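An overview of the molecular structure
Chain by chain, the residues run as shown.
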Amino acid sequence: MIIFDNEAIRIINLVENLTNTNVKDVLIFDNVVYIVVDKNQKGKILSLIGILRKILNKDIKVIEYSNNVYEFVKELIPYVSFVKIKNQDGSKIAEIGINKIYKGLVYGRNKRKLKLYKMFLNRIYKIKDIKII
């Protein structure tokens, strides 16, 4: 179960009322609002993204939710070639294949993007760690 703070609840209500979408998750990270919506609802938010940016005064990234971990990871992380989920000591670990030339883009400065990806996968799929291969 995902626990939301007051700001996340406010954003969920705003987005759902304005765009008539079903928001699965909201995460605010580095002054960017990441919104996870049901499959095939991304276009509704993107059509009103300018209005949402003005209201929230933050950049917004929209991600489509999928029950399939591989599809969700491909949506979340660019340049993914494969995803393997392994159980290690009772916890799930995702091994994600990335071409070497794109690893720097995936990690981000000081591995900040990697932290974001870990938070999302832990919140939604209970995956405790990510290994980039």
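Above this text you will find the structure in question.
This write-up is about the structure you can find in this document. (Residues numbered from 1 in each chain as written. Predicted model: local features only at pLDDT ≥ 70, side-chain atom pairs only at ≥ 80, totals over all residues. Heavy atoms only, no water.)

Observations concerning helix α6 (residues 112-125)
Definition in use: Labels follow the DSSP assignment, with helices taken as runs of H or I lasting at least four residues and strands as runs of E lasting at least two, numbered in each case from the N terminus. Multiplying 1.5 Å by the residue count of a helix minus one yields the expected span of that helix. Between buried and exposed lies partly exposed: a residue is buried under 20% and exposed over 50% of the maximum accessible area for its type, with that area taken using a 1.4 Å probe on protein chains only. Note: the arc covers the axis-to-C-beta directions of the helix.
Between the first and last C-alpha of α6 there are 20 Å, a value that for 14 residues agrees with the 20 Å anticipated at 1.5 Å per step. All buried positions along α6 are accounted for by Leu114, Leu116, Tyr117, Phe120, Leu121, Ile124 and Tyr125. Buried residues along α6 cover an arc of 155° about the axis, so they all sit on one side.

Examining the pairing of strand β5 (residues 91-98)
The line we're drawing: By this definition, two strands are paired if DSSP reports at least two bridges between them.
Summarising burial for β5: 6 of the 8 residues are buried, a large majority. Summarising the sheet, strand β4 (residues 80-88) and β5 pair through 8 bridges and their orientation is antiparallel. What sits directly across from Lys86, in β5, is Ile93. In terms of strand pairing, β5 meets strand β6 (residues 127-132) through 5 bridges, oriented parallel. Across the sheet, residue Ile96 finds its bridge partner in β6, namely Ile132.

Some words on the packing of aromatic side chains
Heads up, the condition is: Geometry of aromatic contacts follows a simple scheme: Phe, Tyr and Trp rings, the Trp one being its six-membered ring, pair when their centres are within 6.5 Å, and the pair is stacked under 30 degrees between planes, edge-to-face over 60, tilted otherwise. Two conditions define a charge located above a ring, namely a distance within 6 Å from the ring centre to NZ of Lys or CZ of Arg, and an angle within 35 degrees of the ring normal.
Summed over the entire model, instances satisfying the criterion amount to 6 aromatic pairs. With a centroid separation of 6.5 Å and an interplanar angle of 70°, the aromatic rings of Phe72 and Phe120 are classed as edge-to-face. Note that Phe72 is positioned in helix α4 (residues 69-76) and Phe120 in helix α6, a separation of 48 residues in sequence. Take Phe72 and Phe120: they sit in the same class, and that class is buried. Clustering of aromatic rings is evident, with ring pairs tying together Tyr34, Tyr65, Phe72, Phe120 and Tyr125. We note Lys24 situated over the ring of Tyr65; from NZ or CZ to the ring centre the distance is 4.9 Å. We note Lys111 situated over the ring of Tyr107; from NZ or CZ to the ring centre the distance is 5.3 Å.

Some points on the packing of α4 against α6
Formally: Lines fitted to C-alpha atoms define the axes here, with helix axes fitted over just the stretch in contact, and angles between the N-to-C directions of these axes take values from 0 to 180 degrees. Between 65 and 115 degrees an angle is taken as roughly perpendicular, under 35 as roughly parallel, over 145 as roughly antiparallel, and anywhere else as oblique. For a crossing to be left-handed, the near helix must be turned anticlockwise from the far one by less than a right angle; the clockwise case is right-handed. Contact criterion: two residues are considered in contact whenever any of their non-hydrogen atoms come within 4.5 Å of each other. Amino acids are sorted into nonpolar (Ala, Val, Leu, Ile, Met, Phe, Trp, Tyr, Cys and Pro), charged (Asp, Glu, Lys and Arg) and polar (every other residue, Gly among them).
One can describe the packing of α4 onto α6 by two numbers: an axis separation of 12 Å at closest approach and a directional angle of 150°. Classed by the angle they form, the pair α4 and α6 counts as roughly antiparallel. Seen from above, α4 lies across α6 with right-handed handedness. Contacts between α4 and α6 involve Val69, Phe72, Val73 and Leu76 from the former and Tyr117, Phe120, Leu121, Ile124 and Tyr125 from the latter. Partitioned by chemical class, the residues of the contact of α4 with α6 number 9 nonpolar, no polar and no charged.

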